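One letter stands for each residue in the lines below.
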2 protein chains.
Amino acid sequence: MFESAEIGHAIDKKTFDAEVPALREALLEAQFELRQKARFPVIVLINGIEGAGKGETVKLLNEWMDPRLIEVRTFDQQTDEELARPPAWRYWRMLPAKGRMGVFFGNWYSQMLQGRVHELFKDGRFDQAIAGAERLEKMLCDEGALIFKFWFHLSKKQMKARLKSLQDDPLHSWRISPLDWQQSETYDKFVKYGERVLRRTSRDYAPWHVIEGVDPHYRSLAVGKILLEGLQSALNRPTLEVESHVAPLGEAVDKLTLLDSLDMSQQLDKDDYEEQLITEQARLAGLLRDKRMRKHALVAVFEGNDAAGKGGAIRRVAAALDPRQYSIVPVAAPTEEERAQPYLWRFWRHIPARGKFTVFDRSWYGRVLVERVEGYCSPADWLRAYGEINDFEEQLEDAGVIVVKFWLAIDKQTQLERFQVREEIPFKRFKITEDDWRNRDKWDAYRAAVGDMVDRTSTEVASWTLVEANDKRWARVKVLRTLNRALEEAFDKSEKKDRKGKKGKK
Amino acid sequence: MFESAEIGHAIDKKTFDAEVPALREALLEAQFELRQKARFPVIVLINGIEGAGKGETVKLLNEWMDPRLIEVRTFDQQTDEELARPPAWRYWRMLPAKGRMGVFFGNWYSQMLQGRVHELFKDGRFDQAIAGAERLEKMLCDEGALIFKFWFHLSKKQMKARLKSLQDDPLHSWRISPLDWQQSETYDKFVKYGERVLRRTSRDYAPWHVIEGVDPHYRSLAVGKILLEGLQSALNRPTLEVESHVAPLGEAVDKLTLLDSLDMSQQLDKDDYEEQLITEQARLAGLLRDKRMRKHALVAVFEGNDAAGKGGAIRRVAAALDPRQYSIVPVAAPTEEERAQPYLWRFWRHIPARGKFTVFDRSWYGRVLVERVEGYCSPADWLRAYGEINDFEEQLEDAGVIVVKFWLAIDKQTQLERFQVREEIPFKRFKITEDDWRNRDKWDAYRAAVGDMVDRTSTEVASWTLVEANDKRWARVKVLRTLNRALEEAFDKSEKKDRKGKKGKK
């Protein structure tokens, strides 16, 4: 895989000097067009062998192009805010907006390679990390991002010579590499695992470019030209709309969905309600104060028919708790900054730190509900969203975030009655809009969308709880009880894992 | 100051139960109107004696109102990201957007009171902190924010009884207070310094409300009513526009400004330029790698006439450096999220961590330049901006951030020539727009604005450097040299301070 990057590519100074001016102009043109159109972001990943000119190349790109439109990001030590959240959070928060270019030094690949070379983990986890990177990049590309992946290569001999000369250079000797590149074994391992990474993650939508790093003219020109061609071809593509080749999701032949299996007559009388509510609220308060919560975070997703009582249920959950421990994210139309980012970005930014609890009042499931039904995104977009969402939630779960999802279901008649009440009571009139009546007209389409959503995203990692919400009391207690059970199960599970881990070490 | 909060205010349960429903409805109404209009944010500061019901009251407000529109923020331990920036950064990043309500537990007042009670500093620094809080609140209010400041009070006897009962309550005993409230001396000090805070920071635009905390009914109703009245009166105010009583800034009688004193014929020939450029670039690279930089951050502000060569100068600065160390913030029209915040918010979010360097390509000075000249804000807004900006920069300087500000000046004829070139050269055509020609028509108005800006914001803390930029070479070298001098001066200054500090301790 690296053979042709050890054959001594070189460009003489004269050729280089002759070619650079035109390349620079074209890059600047492309960069300004990128900003003008602001249709997609550009992500440049910089990886490879130490001393192969990674830093120098990025520096040169900043000179050639307009550095005001480039964000160079390094990911060294995680900060404590990053450590308290799933690993991908630090990358999400640094994604460039549409129209801008982000250069990621020390990205997800460096992190996994560091870990593997230092034997922090074995191939199993390494392969998981590789697969995770693939999913992330696929999603980013599907969202329109243009990704360049550069691997700067040197043969072992070349590297040793280069490190020697860097060491003698007073401007560079201060830099201490995190991997001990002086050791011959490090190089071998890095190349071996690097090959595995490149093999598995070079894809049509985000291929790797291996650049021989010995000759500065060659590597600069090579990178510049790849960037230019990629930028130009993406800018000239008439649209980013992907045509979906997937057949539309069909209804069940008998039109039955999971929602039909709910017993909508479930209810609680007032006394039972008050007793159970208080019990479950106290239980929730206790669980969130539990020491074991320090290893976890809690995310509760509330979706449901309009007027199904999401707000009331959320208030009953909140009422149990110290307001310093939770936050509630009402999800409405995305802001301008959110629209300039991949779909899931606006949810990633609100993922709670360990020990905390976030309630999403509507959520990322908007993609497969309102956006699907109203046609705000293409079928290809919402069809791929199921997989993206499952992947997102799996990442949360892996990091100890407990994800609990509620669909609050009411029947059509109950909704009508509640709409009418809302229109009459002054302090509820904010809760009813024209949109609500319009959505009601699309009752069946929403119903089908909910069925598909639950079928495709109710997973072992984060299952859906359908809540019969014709009776508000029943719904509220069920929500609280479900949260409590989820917390207890998660606590038990991680205790068992800890015990197993300790045993394994003995 | 606390006398009338020790007289045993109480409300019986019957009265409470009778009053709450109407209060709740009215609060909900006000809250939804707040969101609907989204004209200003609401900031609620919670302070006072331990055990006086602060947490309980906030909890209750979350129950009474819609918790989805309330953000409760705690400020305990600073995270490492916060510790690397000026102290106020953590508050700025948590400000609620227009239309929302932020409840700040553990805000700036708690931080200063903690410090003073624990004798981490003396009255001098305490008073500085008090004055800082005042300036912050004044600015927030001028930007439209509605601020409520609640001080929950208990007499010493009441507090002791309350702490005892909390200790016996299994739901509360886990909470360890950061101040050791058990000690009688702590209470005395806290009340003493608290009074000083209240005395100095109770202002017409943001008064303190002292609430006796013994009786839950009383304190809840009191807080609820104060909130309601404040919200309603702010919502009913027809506009937030403040009429300025200040006479417009007059020109000097002879119409001379500082810009007239520049020798615009300054220039460098090519050889001198190249030699000096390389020298200054190497010097800058060295200084930013200097160990002493770890205690500092660097902020460079670039303002100037259109086509004065800001971009080119910034590129020459960037070219000296490792792109991982700096970032460039191009300042254009604010985004939606930025418009929902006080003016300075969008600059605070980009303030570099210690060791880093941020270049602002245009800056907060837009307020007193383009916004003033084009009438994008009221005279009152830009007139108060001079003071706000000086305060902002002083906060940066106090935290070790070195602020260097450049005005790149060209004459009118040079600008015309550069505009014409830009229109002709393809890769420069992005750099010229209709706006540029329009701004040129207002040359004199901008000139006056620049004069006022420099007069009012060139301070010991962060002075302006006027750069004669008719000759680009001269300008670029002057920019680099000025940065280098500023870094050296700052390093020297903090070394001297350190030495003095060490001597003082001996």
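Residues numbered from 1 in each chain as written. Chains lettered and ligands numbered in written order. Predicted model: local features only at pLDDT ≥ 70, side-chain atom pairs only at ≥ 80, totals over all residues.

Brief notes about the packing of helix H1 (residues 13-37) of chain B against helix H9 (residues 216-236) of chain B
Residue and element names in this part refer to chain B. Between H1 and H9, whose axes approach to 9 Å, the crossing angle comes to 30°. On the basis of their axis angle, the class for H1 and H9 is roughly parallel. With respect to the hand of their crossing, H1 and H9 are arranged in left-handed fashion. On H9, the residues touching Lys13, Phe16, Glu19, Leu23, Ala26, Leu27, Ala30, Glu33, Leu34 and Lys37 of H1 are His217, Leu221, Gly224, Lys225, Leu227, Leu228, Leu231, Gln232 and Leu235. Of the residues assigned to the contact of H1 with H9, the class counts are 11 nonpolar, 3 polar and 5 charged. (Axes fitted to C-alpha atoms, helices over the stretch in contact; angles between N-to-C directions. Helix = DSSP H or I, 4+ residues; strand = E, 2+ residues; numbered from the N terminus. Parallel < 35°, antiparallel > 145°, perpendicular 65-115°, else oblique. Left-handed = near helix turned anticlockwise from the far one by under 90°. Contact = placed C-beta atoms within 7 Å. Nonpolar A, V, L, I, M, F, W, Y, C, P; charged D, E, K, R; others polar.)

Re the nonpolar core
Core analysis: the largest hydrophobic core is formed by 123 residues, its most contacted members being Val299 and Leu408 of chain A. Built from parts of two domains, this core gets at least three residues from each of domain 1 (3-236) and domain 2 (258-497) of chain A. Val299 of chain A has contacts with Pro352, Thr358, Phe360, Leu396, Val401, Ile402 and Val403 of chain A, leaving out every residue within four places of it along the chain. By size, the runner-up hydrophobic cluster in this structure holds 122 residues, among which are Trp89, Val191, Phe302 and Ala449 of chain B. (Core = buried A, V, L, I, M, F, W, Y, C linked by C-beta atoms within 7 Å. Buried ≥ 20, exposed ≤ 12 C-beta atoms within 10 Å, placed from the backbone. Domains from an automatic or database assignment.)

Quick look at the interface of chain B and chain A
On the side of chain A, 39 residues touch chain B, which itself brings 39 residues to the contact. Elements that contribute at least two residues to the side of chain B that touches chain A include exactly H1, helix H2 (54-64), strand S2 (70-74), helix H3 (80-83), helix H11 (310-319), strand S7 (326-330) and helix H12 (336-339) of chain B. Its residues assigned to classes, the side of chain B that touches chain A comprises 16 nonpolar, 7 polar and 16 charged.

Some points on the environment of Ala88 of chain B
Residues and elements named next belong to chain B. One can find Ala88 in the loop between H3 and helix H4 (89-92). C-alpha separation for the pair Ala88 and Leu396, spaced 308 residues apart in sequence, amounts to 9.4 Å. Leaving out residues up to four positions away in the same chain, Ala88 has contacts with Leu136 and Gln395.

Brief notes about unusual backbone geometry
Residues and elements named next belong to chain B. The phi dihedral of Ala38 is positive, around 45°, even though this residue is not glycine. Along the polypeptide, Ala38 turns up in the loop between H1 and strand S1 (42-48). Judged by C-beta crowding, with 12 C-beta atoms within 10 Å, Ala38 ranks as exposed. Phi angles above zero are rare outside glycine, and Glu119 is one such case at about 60°. On the secondary structure map, Glu119 appears in the loop between helix H5 (108-117) and helix H6 (123-142). Given 8 C-beta atoms within a 10 Å radius, Glu119 is considered exposed.

What about the domain arrangement of chain A?
Residues and elements named next belong to chain A. Segmenting chain A into domains produces domain 1 (3-236) and domain 2 (258-497). Between domain 1 and domain 2, the C-alpha centre-to-centre distance is 40 Å. Of all the elements, helix H6 (residues 123-142) adds the most residues to the side of domain 1 that touches domain 2, at 4 residues. Classifying every residue of the side of domain 1 that touches domain 2 gives 10 nonpolar, no polar and 7 charged.

Regarding helix H10 (residues 270-289) of chain A
All names here are of chain A. Between its first and last C-alpha atoms H10 spans 28 Å; for 20 residues at 1.5 Å apiece the expected length is 28 Å, and the two agree. Of the positions making up H10, those classed as buried are Glu280, Gln281, Leu284, Leu287 and Leu288. Buried residues in H10, looked at end-on, bunch into an arc of 130°, giving them a common side. Seen from the open side of H10, the exposed residues pointing more than 90 degrees away from its buried face are Asp271, Glu275 and Ile278. (Expected span 1.5 Å × (residues − 1). Arc of directions from axis to C-beta.)

Observations concerning the environment of Gly115 of chain A
All names here are of chain A. You can see Gly115 is positioned in helix H5 (residues 108-117). A tally of 15 C-beta atoms within 10 Å means that Gly115 is categorised as partly exposed. Contact partners of Gly115, with chain neighbours within four places excluded, come to Leu120 and Phe121.

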